[in-house]
Amino acid sequence: MSVLAINGGTKVRTTLFPAYRVIGEEEQQAVAKVLQSGILSKYLGCWSKDFYGGPQVQAMEQEWAAYYGVKHAISVNSATSALYCAAGAVGLAPGDEVIVSPYTMCASATAPLIYNAVPVFADIEYDYYCLDPQDIEKKITDKTKAIIVVDILGQPYDAERINQIAKKHGLYIIEDNAQAPLATYHGRYAGTLGDIGIFSLNYHKHIHCGEGGILVTDNDQFAERMRLIRNHAEAVVENKGVTNFNNMIGFNFRMTELEAAITREQLKKLKWLVEERRKNVRYLEDNLRDIPFLSLPGIREGCEHSYYIHAMKYDEDATGVTRERFVEAMQAELMPIELRETEGVKIGLGYLKPLYAQPLFQKKTAYGNTSYPFSKDVHYDLGICPVCEKVCSSETIFHELMRPFMTKDDLDDVLKAFHKVADHLDELR
């Protein structure tokens, strides 16, 4: 008689896991005050005292900058918009090349295309999933202008080595820190390690206001250029007295007063929310170490992880069971998360396939039916990032069942499912 739920046995869990509810009474009161004020946005797309937004936006930016110990924080309507602002601020131009990661959300790699610069993929580190400094150096040419590093899954990038490479070659570093708020690298916050850092506030991040993003920098020039790009730069430069028109075609990337008010309250909760993730991961890992075919995630020396996702490596050779079959069995034992029921059980494969495998890069078609701005010298063939391809195709499994509001009983159900499947692999062979 089958034991595993995938074969007709009894599931470990039959109720939904608790929702990640970070919006509370404080946010409701803050939103109510904004509604009562009648000012939902105070931006004007021309040079005036309201060019920088309303009171909630400006207060939130000041609080964010103080929290992270930086000179400037600039709010936008998404982290994708933040990447576009950063790419424009550092002066990307047609024909420039930008080193990017293949193992991340697509906007981290496509942002250069907004300014007709060309993404060049470097491989990732096997243990940490961040950009590999050695492969970065191999991919640098006389056309390289910047590196977009990603603090992936909550892990800070190798700032010492990559920053040295950038300095050696005169390159800018844009740090996509959407997944690693309050992660640290030798005592410094991730997101503050490069020339420009980016944070995300969309609904499944550590803290959120629905949709939103933040840029941080200590560079006065970059900060002002990002504020211009955010808010119709081309309509503002003349009256503001701007003389550098490079990338001064602007957008409407403005955050609303409602979102800023929510973010101000969310920021107060961030430390607790990250610590809860760390605590839950410690508990899970302490009880998963006896499963020999799972390798727990590495943490870079001198760093603190903030666990956007908990990723592990699975050894198919040790089990005789494919990774896909193992994950299917795990999913059958558990349940989705409340409010995210349509996404299924939050245990998955590989996190992402390499971005260069997407049609955009395989077809080299971005604007119209031409290959512009892709260069004939830059290739996106399978095999260019072997480590990324290996972890994506056969090794990495990940889950999100370690978030705050998971009780010990909830975590124990996750552990029971892992051990149950591990103990009955013969049913899957």
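As a reminder, the structure under discussion sits directly above these lines.
The present account deals with the structure reproduced in this document.

Rules used in this analysis
- Residues numbered from 1 in each chain as written.
- Predicted model: local features only at pLDDT ≥ 70, side-chain atom pairs only at ≥ 80, totals over all residues.
- Heavy atoms only, no water.
- Pairing = 2+ DSSP bridges.
- Helix = DSSP H or I, 4+ residues; strand = E, 2+ residues; numbered from the N terminus.
- Contact = heavy atoms within 4.5 Å.
- Axes fitted to C-alpha atoms, helices over the stretch in contact; angles between N-to-C directions.
- Buried < 20%, exposed > 50% of the residue type's maximum accessible area, 1.4 Å probe, protein only.
- Salt bridge = Lys/Arg side-chain N within 4 Å of Asp/Glu carboxyl O.
- Disulfide = S-S within 2.5 Å.
- Right-handed = clockwise from strand over helix to strand, strands pointing away.
- Core = buried A, V, L, I, M, F, W, Y, C linked by side-chain atoms within 4.5 Å.
- Polar contact = N/O pair within 3.5 Å; in protein donor to acceptor, adjacent residues only side chain to side chain.
- Phe/Tyr/Trp six-rings, centres within 6.5 Å; stacked < 30°, edge-to-face > 60°.

### Side note on the sheet that holds strand S12 (residues 310-314)
Stage number 1. Here we have four strands laid out as an open sheet, ordered S10-S12-S14-S13, and antiparallel in their pairing. With partners counted over all chains shown, the strands left at the sheet margins are strand S10 (294-295) and strand S13 (347-349), one partner each.
Stage number 2. Relative to S13, helix H11 (residues 323-333) is tilted by about 165°, and along the sheet it contacts S12, S13 and strand S14 (396-399).

### Some points on the pairing of S14
Stage number 1. Side chains of S14 alternate between two faces, with Thr396 and Phe398 and Ile397 and His399 buried alike.
Stage number 2. The pairing of S12 with S14 spans four bridges and is classified as antiparallel. Looking at the pairing, methionine 312 lines up with isoleucine 397 of S14.
Stage number 3. Sheet analysis places S13 next to S14, joined by three bridges and oriented antiparallel. Its bridge partner being in S14, isoleucine 347 is matched across the sheet by histidine 399.

### Quick word on the pattern of salt bridges
Stage number 1. A complete count under the given rule lists 34 salt bridges for this structure.
Stage number 2. Its salt-bridge partner being lysine 71, residue aspartate 220 comes within 2.9 Å of it at the nearest N-O pair. Of the two residues, aspartate 220 sits in helix H7 (residues 220-230) while lysine 71 sits in the loop between helix H2 (55-68) and strand S1 (72-76), which places them 149 residues apart along the sequence.
Stage number 3. The partly exposed category is assigned to aspartate 220, whose relative accessible area is 43%.
Stage number 4. Glutamate 400 is the salt-bridge partner of arginine 340, the closest N and O atoms lying 3.0 Å from each other. Here glutamate 400 lies in the loop between S14 and helix H14 (408-423) and arginine 340 lies in the loop between H11 and S13, a separation of 60 residues in the sequence.

### Some words on the state of the cysteines
Stage number 1. Per the stated rule, a full pass over the model turns up zero disulfides.
Stage number 2. Free cysteine: cysteine 130, not disulfide-bonded; nearest cysteine sulfur from cysteine 303 at 8.7 Å.
Stage number 3. Under the relative-accessibility criterion, cysteine 130 is labelled buried at 0%.
Stage number 4. With no disulfide of its own, cysteine 209 lies 15 Å from the sulfur of cysteine 85, the closest cysteine sulfur.

### Some thoughts on the pairing of strand S4 (residues 144-150)
Stage number 1. Taking burial as the measure, the seven residues of S4 include six buried ones, the bulk of the element.
Stage number 2. Here S4 pairs with strand S5 (residues 172-176) via five bridges, running parallel. Within the sheet, the bridge partner assigned to isoleucine 148 lies in S5 and is isoleucine 174.
Stage number 3. Where the polypeptide runs from S4 across helix H6 (residues 159-169) and back to S5, its parallel neighbour, the crossover connection is right-handed.

### Quick look at the environment of leucine 288
Stage number 1. When you line up the elements, leucine 288 lands in the loop between helix H9 (257-286) and S10.
Stage number 2. For leucine 288, a relative accessible area of 1% puts it in the buried group.
Stage number 3. Between the C-alpha atoms of leucine 288 and aspartate 381, which are 93 residues apart in sequence, the distance is 37 Å.

### Observations regarding the sheet that holds strand S7 (residues 188-189)
Stage number 1. An order of S7-S6-S11 is seen for the three strands of this open sheet, with the pairing classed as antiparallel. The sheet is open, and its two borders are formed by S7 and strand S11 (303-304), each paired with just one other strand.
Stage number 2. Relative to S7, strand S6 (residues 184-185) is paired through two bridges, and the arrangement is antiparallel. By the bridge assignment for S7, tyrosine 185 is matched with arginine 188.

### Digging into the nonpolar core
Stage number 1. Counting residues in hydrophobic clusters, the biggest one holds 80 residues, and the most contacted among them are Tyr103, Phe121, Ile136, Ile147, Leu215 and Met226.
Stage number 2. For methionine 226, the residues in contact, after removing those within four places along its chain, are Ile74, Cys85, Ala86, Ala89, Ile196, Leu215 and Thr217.
Stage number 3. Tyr314, Ile337, Ile347 and Leu411 belong to the second-largest nonpolar core, a separate cluster that totals 33 residues.

### Some points on the side chain of lysine 346
Stage number 1. Relative to the assigned elements, lysine 346 resides in the loop between H11 and S13.
Stage number 2. The buried category is assigned to lysine 346, whose relative accessible area is 14%.
Stage number 3. Only 3.1 Å separates the side chain of lysine 346 from the side chain of glutamate 343, close enough to count as a polar contact.

### Quick notes on unusual backbone geometry
Stage number 1. Each neighbour pair has its own omega, and for tyrosine 372 with proline 373 the value is 5°, a cis peptide bond.
Stage number 2. Position of proline 373 among the secondary structure elements: in the loop between helix H12 (359-362) and helix H13 (386-395).
Stage number 3. Unusually for a residue other than glycine, tyrosine 129 sits at a positive phi of about 75°.
Stage number 4. The class for tyrosine 129 is buried, based on a relative accessible area of 4%.
Stage number 5. Positive phi is not limited to glycine here, since histidine 186 has a value of about 50°.

### Here's the deal with the packing of aromatic side chains
Stage number 1. Going through the model one piece at a time under the given rule, you end up with 26 aromatic pairs.
Stage number 2. An angle of 50° between the planes, with centres 6.3 Å apart, marks the rings of tyrosine 84 and phenylalanine 253 as tilted. Here tyrosine 84 is found in helix H3 (residues 79-89), whereas its partner phenylalanine 253 is found in the loop between helix H8 (237-240) and H9, with 169 residues between them in sequence. The two residues tyrosine 84 and phenylalanine 253 agree in class, both being buried.
Stage number 3. Here the aromatic rings of phenylalanine 361 and phenylalanine 374 are separated by 6.1 Å at their centres, their planes lie at 75°, and the arrangement is edge-to-face. Here the residue phenylalanine 361 occupies a position in helix H12, and phenylalanine 374 occupies one in the loop between H12 and H13, the gap between them amounting to 13 residues. Of the two residues examined, phenylalanine 361 and phenylalanine 374, each falls in the buried class.

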